[in-house]
Amino acid sequence: MIDDDAVSLDNLQRQILFGTGDVGRAKAEVAAGAVARLNPDVRFEARQARLDAANVAGLVAGADLILDGSDNFATRLIVSDHATAAHIPLVAAAIGQFQAQIGTFRGWRADEPCYRCFVGDAFDAEDCDSCSELGVLGAMAGIAGSLAALESIRALTGFGADPAGKLHIFDGLVPAMRTIRIVKDPACNGCGNQPPT
Ligand SMILES: [Zn+2]
């Protein structure tokens, strides 16, 4: 787990590894303690760091899969470009107020898109809506987290349908789920120049 943030009171209704007594403590460290309480045989590596282009390779070295739940395009695209270059499957999960999006990407493959094919060369606007302004329902975060966990286990073990190149969108207002196919962009700055494997 890579996270440089500290637990705050308004995280607690959706970030269920943390409790009131953890406010102010490093999230990665508290999460490690929560997992150890659940099952001391799980090996949990807490990296208290902010992922960037300079440290991404070292932080995720040796990973079989990356599950990205970060909250900004700058980080998400750094993660995606590195996952594509290093041939590490990426499960990307994001939520808006009433929408959750979960996708699995193996962009180094000739016929499969990367996350950047989906969002383009996106950037974070200065006036971008944020969780603290709009509010996030804990139940929506829970649905997104469970779906992302399911897709991560699927990508690692290979049960059911191959999820790569599809985006699952949960609409909490209906509620309903739909799946769209993402097309590989030949001019993508993340995977367009990858030698096919
Ligand atoms: Zn791409």
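Just so it is clear, the structure is predicted and the values come from calculations on it, not from any experiment. (Residues numbered from 1 in each chain as written. Predicted model: local features only at pLDDT ≥ 70, side-chain atom pairs only at ≥ 80, totals over all residues. Heavy atoms only, no water.)

A few words on a nonpolar patch on the surface. Side chains of Phe98, Leu137, Leu173 and Val174 sit close together on the surface and give an oily, nonpolar patch of about 390 Å² of accessible area. As for its placement among the helices and strands, phenylalanine 98 is situated in the loop between strand 2 (90-95) and strand 3 (99-105). (Patch = residues over 30% accessible without salt bridge, like charges linked within 9 Å, V, L, I, M, F, W, Y side chains within 5 Å. Areas by Shrake-Rupley, 256 points an atom, 1.4 Å probe, with all protein chains shown as cover. Salt bridge = Lys/Arg side-chain N within 4 Å of Asp/Glu carboxyl O. Helix = DSSP H or I, 4+ residues; strand = E, 2+ residues; numbered from the N terminus.)

This part covers the coordination of the zinc ion. The expected angle between donors at a tetrahedral four-coordinate metal is 109.5 degrees. At an octahedral six-coordinate metal it is 90 or 180 degrees. At this site the zinc ion is bound by Cys114 (SG), Cys117 (SG), Cys188 (SG) and Cys191 (SG), with donor distances of 2.2 to 2.3 Å. Of note is the zinc ion, whose four donor atoms meet at the metal with angles of 95 to 124° in an arrangement that counts as tetrahedral. Ordering the donors of the zinc ion by residue number gives the pattern C-x2-C-x70-C-x2-C. Residue cysteine 188 shares its accessibility class with cysteine 191, and that shared class is buried. (Donors = N, O, S within 2.8 Å, 3.2 Å for Na, K, Ca; no water. Tetrahedral: all angles 85-135°; square planar, octahedral: opposite > 155°, others 65-115°. Buried < 20%, exposed > 50% of the residue type's maximum accessible area, 1.4 Å probe, protein only.)

What follows is about the environment of methionine 177. Relative to the helices and strands, methionine 177 is located in strand 5 (residues 176-181). The exposure class of methionine 177 is partly exposed, given its relative accessible area of 45%. Methionine 177 sits 161 residues away from isoleucine 16 along the chain, and the two C-alpha atoms are 24 Å apart. When residues no more than four places from it in sequence are discounted, the contact partners of methionine 177 are Leu147, His168, Ile169 and Phe170. (Contact = heavy atoms within 4.5 Å.)

Scanning the model with the defined rule gives 12 salt bridges in all. Each member of the salt-bridge network shares a partner with another, and the members are Arg106, Arg109, Glu112 and Asp162.

On the basis of which strands lie adjacent, the open sheet formed by five strands has the order 1-2-3-4-5 and mixed pairing. Strands at the two margins of the open sheet, each flanked by one partner only, are strand 1 (66-68) and strand 5. Averaged over all pairs of adjacent strands, the angle between their axes in this sheet comes to 15°, without regard to strand direction. By the bridge criterion, three bridges tie strand 1 to strand 2 in an arrangement that is parallel. Looking across to strand 2, one finds that aspartate 68 is bridged to alanine 92. Contacts between helix 3 (residues 73-85) and the sheet are confined to strand 1 and strand 2, with strand 2 contributing the most and set at about 165° to the helix. The strands touched by helix 6 (residues 138-157) within the sheet are strand 1, strand 2, strand 3, strand 4 (166-171) and strand 5, with strand 3 carrying the most contacts at an inclination of about 15°. (Pairing = 2+ DSSP bridges. Axes fitted to C-alpha atoms, helices over the stretch in contact; angles between N-to-C directions.)

Core analysis: the largest hydrophobic core is formed by 16 residues, its most contacted members being Leu51, Val60, Ile66, Val79, Leu90, Phe105 and Tyr115. Those elements giving two or more residues to this core turn out to be helix 2 (56-60), helix 3, strand 2 and strand 4. Excluding residues that lie within four positions of it along the chain, leucine 90 makes contacts with Ile66, Asp68, Val79, Ser80, Ala83, Gly103, Thr104, Phe105 and Tyr115. Counting residues in each nonpolar core, the second largest holds 11 residues, with Leu65, Met140, Leu147 and Phe170 among its members. (Core = buried A, V, L, I, M, F, W, Y, C linked by side-chain atoms within 4.5 Å.)

Along its sequence, the protein is organised into domain 1 (1-50) and domain 2 (65-197). Summarising the inter-unit geometry, the C-alpha centres of domain 1 and domain 2 are found 23 Å apart. (Domains from an automatic or database assignment.)

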